[in-house]
Structures are given as structure tokens and as C-alpha cells.
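One letter stands for each residue in the lines below.
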Amino acid sequence: RCNFALTQDTMILVTLVRQYTVTSNRTEGGVLYLNDVLCDTLVADENSTVSMKVVAEEGYRIDSIFVGEAEIPNVLNLTEYEGTFTLTEDTVITVNFIHIWTVTVTHKGDGTVTVDPSAQGGSVTVLSGTTVKITATPNEGCRVSGVTVNGKADTSVTGENDSDYYKELVADREYTVEVTFAPN
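### A word on unusual backbone geometry
Working note: non-glycine residues mostly have negative phi, and peptide bonds are mostly trans.
Here comes step 1: Backbone torsion omega between Asp116 and Pro117 reads 5 degrees, so that peptide bond is classified as cis.
Here comes step 2: Within the secondary structure layout, Pro117 lies in the loop between strand S10 (111-116) and strand S11 (123-127).
Here comes step 3: Phi is positive for Asn74, which is not a glycine, with a value near 60 degrees.
Here comes step 4: Assignment of secondary structure puts Asn74 in the loop between strand S7 (70-71) and strand S8 (80-86).
Here comes step 5: Although it is not a glycine, Asn150 sits at a positive phi angle of roughly 55 degrees.
Here comes step 6: Judged by its relative accessible area of 35%, Asn150 is partly exposed.

Structure follows, in C-alpha cells:
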């Protein structure tokens, strides 16, 4: 509201600009910057360009990003995303983060262990909920003599004449699996 007194004929030109609100809705595991400011709400002029930067915290990845009802493609498993959009209405940005877990598999003795998805250097990092398949195959004349998962013996292995070992783990925490092969 503005009050003023005019003493002569004056032309007043008024430009009205509509403003809209951008609101963030995000899950645990990261942050959202709007126009380079870490915030949950931004008010900006209609048709302005809004920048957004999504950053996953350590141990998380981006699962999905929606600007209003429109999903941003190809963001799954990224640690960072930057983009812009034109503000034409009140808009909610929804960001979902997903936890990642590391499964480490080692073995002792004569045999092979395969991990699916494939492990580089004995470890695989996967998204929460991913099924990790472990197969241990002893060499000829050997057996699977023991398996520990997070330091606890897997009781499905008796240590006597055990041939192939197969285990599926659903990634809901960090896992360390150790397979031991021994002669028959």
C-alpha cells in the first residue's frame, strides 16, 4: 500500500507481477537448494527461472525428483542433480532419497565365490532393498566348511560334505560375508 499526494496531472504506470511459491517435500538423506539457497520454501515472480540443486548425503543416493507432477528422468542412483524450471504456478518439488549399503564378501581356501550384482574387489554397493546373491563353489576335493554373515555362523552350513553354497541377502544394512573352503 502506498499513499502520496499529487499536485498536478500525473500518469501513473503500475506493473503487477504475480508471485508463486515453491515448496520442497523431501525424504531423509539429502538437501535441496532453490536459487542457490538451502531452503524449504521460495517465493518468486511468475515466469521466472528457478534453479534447483539436489545433493544426497553420504550413504544415500537420489531415488526420484518430481517438479509438480512431472518426474525428472534419469536421476536414480545419482549423488547430485542440478536443473532449472520456469515458475508458472505454485509448485511442490518432491525429492526421494534411498539408502545405499555395502556388501563385502571374502573367502579362504580353494574355491570360488560369485556375487550378483558383481562385486569389485570383494565389495558391492547397492540400493536399499536390492537382493544380493552369493554363490560359493568349492574346488574338486574341497567343501564349504563354514560361512559367517556379520560375524555369525550361517547354520545352514554343517561343514561336512557341503558342496555349493547359495545365499540371498536383501540389502537393509551393511553385510560382511566370509566363506571358508577346506579339503574333504
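There's plenty left to go through after this.
### Things to note about the pattern of salt bridges
Here comes step 1: Inspection of the entire model under this criterion finds 5 salt bridges.
Here comes step 2: Residue Arg26 is joined to Asp40 by a salt bridge in which the shortest nitrogen-to-oxygen separation is 3.6 Å. Pair noted here: Arg26 is in strand S1 (residues 19-26) and Asp40 is in the loop between strand S3 (37-38) and strand S4 (41-45), with a separation of 14 residues, a long-range link.
Here comes step 3: Across the pair Glu178 and Lys108 runs a salt bridge, and its minimum N-O distance is 3.3 Å. Taken together, the positions of Glu178 in strand S16 (residues 175-183) and Lys108 in strand S9 (residues 91-108) put the pair 70 residues apart, joining distant regions of the chain.
Here comes step 4: Judged by relative accessible area, Glu178 falls into the partly exposed class, the value being 27%.

### Quick word on the sheet that holds S8
Here comes step 1: The strand order across the open sheet built from 4 strands is S3-S2-S5-S8, with neighbouring strands paired in antiparallel fashion. Two strands in the sheet have a free side with no partner beyond their single neighbour: S3 and S8.

Basis of the calculations
Per chain, residues are indexed from 1 in the order of the written sequence. Per-residue local features of the predicted model are confined to residues with pLDDT of at least 70, and side-chain atom pairs are confined, for both listing and counting, to 80 or more; whole-chain, interface and lining totals are unaffected and use all residues. Side-chain figures throughout are based on the complete set of non-hydrogen atoms in the structure, without hydrogens or water. Each helix is a run of H or I in the DSSP string that is no shorter than four residues. Each strand is a run of E no shorter than two, and both are numbered from the N terminus. We call a residue buried when its accessible area falls under 20% of the maximum for its residue type, exposed when it is over 50%, and partly exposed in between, using a 1.4 Å probe and counting protein chains only. Here, a salt bridge means any side-chain nitrogen of Lys or Arg that lies within 4 Å of a carboxyl oxygen of Asp or Glu. The criterion for strand pairing is that DSSP finds at least two bridges linking the strands in question.

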